[in-house]
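This is what each chain is made of:
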Amino acid sequence: MHLINDFAQRAKNYIDKLNTELVYPTQEAIEQLNQLDEEIRVNPMEAASVLDLLDVIGSPATVKSTGGRYFGFVTGGSLPAALSAQLLATVWDQNAALTVMSPVVSKIEMITGKWLLKLFGLPATCGFGFVTGDTMANFTALAAARHSLLKNMGWNVEQDGLFGAPEIVVMVSDEIHSSVLKALRLLGLGSNRVIRVPCDEQGRMKVDAMPDIHQPIIICTQIGNVNTGSFDLVKEIYTKTKNKNVWVHVDGAFGLWAAASDEKKHLVEGIELAHSWATDAHKWLNVPYDSGVVFVRDKEALFAAMSSSAAYLPTDAMREPFNYVPEMSRQARAIPIWAALQSLGTSGLAEMIETHCKQAMMFTKGLTDAGFSVLNDVVLNQVMVSFGDANTTQQIIKNVQHEGVCWCGGTVWQGITAMRISVSNWCTTDEDVQQSLGSIIHQANKVKQVVG
Ligand SMILES: *Cc1c(COP(=O)(O)O)cnc(C)c1O
């Protein structure tokens, strides 16, 4: 059998069984992985045997996070069109760095970038780049911010670095995602010297508590808090800032996709006033890992921060993809995004987003009716539930994970230990939600009975 057919059969088996297997692998399957821990081989192995080994040992030890009952982190799944397009693109094995290396990838990047800007209601003239995830999208956007603010003060950070440069103030909220702090660290802006603004009970930056800063400043906002799903009031933050040399960044890893829904787009009102935006496609758009996108209003700032040149590289007027991102050689990340958007259409995307929000409400109602407290206003797809004290809640999370009907993680929200439920997978059905609720409530009542 041709290896591709063998592969296709194995892929089909995996997908067919996805929703009937335990969501988390058994301890036994995880222990089997030790079989792979051998010395590097001297003699070649048949390609078919390599694939067989990976499938037989590897597949059972996967987390079924691409199935319908995985609610951990904010994970999303893989739409069939996105998955197969990514696989075809892997067969093509194009280098997405340069147009001359792959006219098709370059063209699809252009088209997809244009579509996304329209979908999110951002200016069509923005620069954009396709990166590995939202962490790199934040990094790329903030590099453009650093370039722009320092350029306005007559300093070229790309040439001269940060030693001796004029100071930039960075403001974030107390609820900023750790990936933004990491991006600031990588950019030499530091994670400790930021000004942190307190948040309200939903995790939104308190606009009233923002200090009035007159120095050049980057303000990092967030739409879609990982715990509550809440949105910073970007418009009010922007309007309150009287500073002329300001850059407002929006981390919209999953929240930006609310813009695709008529029911939810009020949440993103005013974000188009900002200077840069970061999002993930591997979360709510449901493309396979890994995939993030960055948009920057000032395309030249993005280019200045990211471009590189060498004698052997083309310098023509074509949009060279690698000039807008940190990487040079890179895979064709726009292709699965393009395929996802084609297969859903804007109506299908809106419907998917709205279904997940409704399913989050089903969880909320089911848990509340069972007597448990949901800690957040469920404005989007995120639900946080407490079952009592920290130990009880932790034990219930552990037992739910162990039972394997669904998978939910934990968090601590403003001092209270909670279970997180994030609905973001295209294949999650209402039946999946009911089945998962059944498991969660059953496990919770069992632990509560023991605790008394
Ligand atoms: C997931 C997430 C990130 C990090 O994104 P990666 O794709 O994991 O790099 C950043 N910010 C928010 C709000 C997130 O939800």
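The coordinates are above.
Predicted model only: the values in this text are computed from it and were never measured.

So, the state of the cysteines
- Applying the stated criterion across every chain yields a total of 0 disulfides.
- Cys 126 takes part in no disulfide bond, and the closest cysteine sulfur, belonging to Cys 220, lies 17 Å away.
- Its relative accessible area of 2% is what places Cys 126 among the buried residues.
- Take Cys 408: it sits in no disulfide, and the sulfur closest to it among the cysteines is that of Cys 406, at 4.2 Å.
- When its relative accessible area of 0% is taken as the criterion, Cys 408 is described as buried.

Examining empty space enclosed by the protein
- Across all of its chains, the model carries 3 cavities of 30 Å³ or more by this definition.
- Roughly 80 Å³ of volume is contained in the largest cavity.
- As for the largest cavity, its lining consists of Met 171, Met 210, Pro 211, Asp 212, Ile 213, Ile 217, Ile 219, Lys 240, Thr 241, Lys 242 and Asn 243.
- Of the residues in the lining of the largest cavity, the class split is 6 nonpolar, 2 polar and 3 charged.

Brief notes about the nonpolar core
- Core analysis: the biggest nonpolar cluster contains 62 residues, and Leu 116, Leu 285, Phe 295 and Leu 349 have the highest contact counts within it.
- With 11 residues, helix H11 (residues 334–369) is the single largest residue contributor to this core.
- The contact partners of Leu 116, leaving out residues within four places of it in the chain, are Phe 130, Trp 257, Val 293, Phe 295, Ile 337 and Leu 341.
- In this structure, Phe 139, Leu 142, Val 194 and Val 296 belong to the second largest nonpolar core, which totals 34 residues.

Brief notes about the environment of Gly 371
- Looking at the element boundaries, Gly 371 is found in the loop between H11 and strand S8 (373–374).
- The class for Gly 371 is exposed, based on a relative accessible area of 63%.

What to know about the pattern of salt bridges
- On inspection of all chains with the given rule, the structure shows 17 salt bridges.
- A salt bridge links Asp 52 to Arg 10, with the shortest nitrogen-to-oxygen separation between them at 3.0 Å. Remark: Arg 10 occurs in helix H1 (residues 3–17) and Asp 52 occurs in helix H3 (residues 47–58); sequence separation between them is 42 residues.
- Close ionic contact of Arg 193 with Glu 167 constitutes a salt bridge, the shortest N to O distance being 3.5 Å. Taken together, the residues span a long stretch of sequence, with Arg 193 in the loop between helix H8 (178–186) and strand S3 (195–197) and Glu 167 in the loop between helix H7 (157–160) and strand S2 (169–173) at a distance of 26 residues.
- Classification of Glu 167 as exposed rests on a relative accessible area of 52%.

Here is what the cut-offs are and how they apply
Residues numbered from 1 in each chain as written. Predicted model: local features only at pLDDT ≥ 70, side-chain atom pairs only at ≥ 80, totals over all residues. Heavy atoms only, no water. Disulfide = S-S within 2.5 Å. Buried < 20%, exposed > 50% of the residue type's maximum accessible area, 1.4 Å probe, protein only. 1 Å grid on protein atoms, 1.4 Å probe; cavity = no way out; pocket = protein on both sides within 12 Å on 5 of 7 lines; lining within 4 Å. Points joined across faces, edges and corners; volume = space filled by probe spheres on them. Nonpolar A, V, L, I, M, F, W, Y, C, P; charged D, E, K, R; others polar. Core = buried A, V, L, I, M, F, W, Y, C linked by side-chain atoms within 4.5 Å. Helix = DSSP H or I, 4+ residues; strand = E, 2+ residues; numbered from the N terminus. Contact = heavy atoms within 4.5 Å. Salt bridge = Lys/Arg side-chain N within 4 Å of Asp/Glu carboxyl O.

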